[in-house]
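These are the residues of each chain, in order.
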Amino acid sequence: MRMRFHLLLGGLLTGGLAEGMAWAEAPDFQKDILPIFEEKCIRCHGAKRKGGKLDMRTMEALHLGGDTGPALKPGNAKKSLLIELIHYKEMPPKKEGPFVTAAELDLMREWINAMPEKK
Ligand code: HEC
């Protein structure tokens, strides 16, 4: 009895997880990502200021990027400048904040990795 319960539970957990991953929708820029940028980035990367010449208010501007080049690389979060700078805690600049949480950074990674790669 105990054994059967265990198997059942295991099946539910793995099945549920796999399904969740397969069906989860990719994060949406306007709905999921922009609110984080607005709270934590855009006061320095928007209408008034453009740190490193980077404007983060639109997808076009992010693709265009700033002094260092595009802020993101579609399909490749690891090679995306904005992910790198957040990961190494360069952005937002130290002592500034509010800082990006680990969950928010994961969401941004998912968002970039789900973008079709540009040839
Ligand atoms: C307090 C102001 C401030 C905040 C907040 C801020 N930045 Fe920056 N950012 C800058 C400045 C200034 C630069 C220019 C480089 C430097 O001086 O360090 C920069 C540079 C960058 C660059 C490199 C641009 C380039 O092409 O050289 C990226 C990418 C970036 N920021 C991403 C972010 C992200 C993502 C956030 C939010 C999580 C953020 N920044 C929050 C001020 C800010």
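To keep things clear, this report deals only with the structure shown in the data block.

Cut-offs and rules
Residues numbered from 1 in each chain as written. Predicted model: local features only at pLDDT ≥ 70, side-chain atom pairs only at ≥ 80, totals over all residues. Heavy atoms only, no water. Donors = N, O, S within 2.8 Å, 3.2 Å for Na, K, Ca; no water. Tetrahedral: all angles 85-135°; square planar, octahedral: opposite > 155°, others 65-115°. Helix = DSSP H or I, 4+ residues; strand = E, 2+ residues; numbered from the N terminus. Buried < 20%, exposed > 50% of the residue type's maximum accessible area, 1.4 Å probe, protein only. Salt bridge = Lys/Arg side-chain N within 4 Å of Asp/Glu carboxyl O. Near = heavy atom within 4 Å. Polar contact = N/O pair within 3.5 Å; in protein donor to acceptor, adjacent residues only side chain to side chain. Nonpolar A, V, L, I, M, F, W, Y, C, P; charged D, E, K, R; others polar. Contact = heavy atoms within 4.5 Å.

Concerning the coordination of the iron atom of the ligand
Argument step 1. Only H45 (NE2) and M91 (SD) from the protein coordinate the iron atom of the ligand, and they sit 2.0 to 2.2 Å from it.
Argument step 2. Each of the 6 donor atoms around the iron atom of the ligand contributes to a set of angles spanning 87 to 178 degrees, which defines the coordination as octahedral. Here M91 lies in the loop between helix 4 (81-87) and helix 5 (102-113) and H45 lies in the loop between helix 2 (29-40) and helix 3 (59-64), a separation of 46 residues in the sequence.
Argument step 3. Overall, H45 belongs to the buried group, its relative accessible area being 9%.

With respect to the pattern of salt bridges
For side chains bearing opposite charge, pairing can occur when the charged atoms are close.
Argument step 1. Under the criterion given, the structure shown has 6 salt bridges.
Argument step 2. Between D32 and K31 there is a salt bridge whose closest N-O contact spans 3.6 Å.
Argument step 3. Residue class for D32 comes out partly exposed when judged on its relative accessible area of 23%.
Argument step 4. Notably, a salt bridge pairs R57 with D55, separated by 2.7 Å at the nearest N-O pair.
Argument step 5. By relative accessible area, R57 is classed as partly exposed at 34%.

Describing the site of the ligand
Argument step 1. Residues in contact with the ligand amount to 22 residues; listed here are only the nearest, C41, C44, H45, T68 and M91.
Argument step 2. The contact in question runs from a nitrogen atom of the ligand to an N or O atom on the side chain of H45, over 2.8 Å.
Argument step 3. Taking T68, its side chain carries an N or O atom lying 2.4 Å from an oxygen atom of the ligand.
Argument step 4. The greatest single-element share of the shell around the ligand, amounting to 4 residues, is contributed by helix 4.
Argument step 5. Class assignment for the residues of the shell around the ligand results in 12 nonpolar, 6 polar and 4 charged.

What to know about the side chain of S80
Argument step 1. Examined against the element boundaries, S80 turns out to sit in the loop between helix 3 and helix 4.
Argument step 2. Overall, the relative accessible area of 0% leaves S80 in the buried class.
Argument step 3. Within the structure, the side chain of S80 is placed 2.8 Å from the backbone nitrogen of K73, a separation counted as a polar contact.
Argument step 4. Once you skip the residues sitting within four places of it in the chain, S80 turns out to touch A71, L72, K73 and I112.

Geometry only, nothing functional implied.
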